[in-house]
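# Topology and contacts: notes
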Amino acid sequence: MVVDTLGLLLQVLVTGADTTDRAAACTLLARIRARHRRIRLVWADGSYTGPLVDWAADALDIALTVVQRAKDVDSGRW
């Protein structure tokens, strides 16, 4: 799911359970780029690190910035 900075939905992609988040992100980012040509920066959580960051920059001209959760933030787990 991709939302803008106001939380408004831009794009959704539903995949099978055997598809990793990173693999789905390639498809989702490409769709976002095709539909919203002005998007140049995407913030993502820590599971989207690695080659995806470079691929987004090289293939889509999108700066994929991974935002890590602060260590002092409660994860909401019981």
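A brief look at the structure comes next.

What counts, and where the lines are drawn
- Residues numbered from 1 in each chain as written.
- Predicted model: local features only at pLDDT ≥ 70, side-chain atom pairs only at ≥ 80, totals over all residues.
- Heavy atoms only, no water.
- Helix = DSSP H or I, 4+ residues; strand = E, 2+ residues; numbered from the N terminus.
- Contact = heavy atoms within 4.5 Å.
- Salt bridge = Lys/Arg side-chain N within 4 Å of Asp/Glu carboxyl O.
- Buried < 20%, exposed > 50% of the residue type's maximum accessible area, 1.4 Å probe, protein only.

Within the element layout of this structure, Gln11 appears in strand E2 (residues 9-11). Discounting chain neighbours no more than four positions away, the residues touching Gln11 are Met1, Val2, Leu28, Arg31, Ile32 and Arg35.

Positive phi, normally seen in glycine, also occurs at Asp61, with a value near 60°. Along the polypeptide, Asp61 turns up in the loop between helix H2 (51-60) and strand E4 (63-66).

For side chains of opposite charge, pairing can occur when their charged atoms come near one another. Enumeration over the complete set of coordinates arrives at 1 salt bridge. A salt bridge links Arg40 to Asp61; the shortest N-O distance between them is 3.6 Å. Placement of Arg40 in the loop between helix H1 (21-35) and strand E3 (41-44) and of Asp61 in the loop between H2 and E4 is noted, with a sequence separation of 21 residues between them. Classification of Arg40 by relative accessible area gives partly exposed; the value is 41%.

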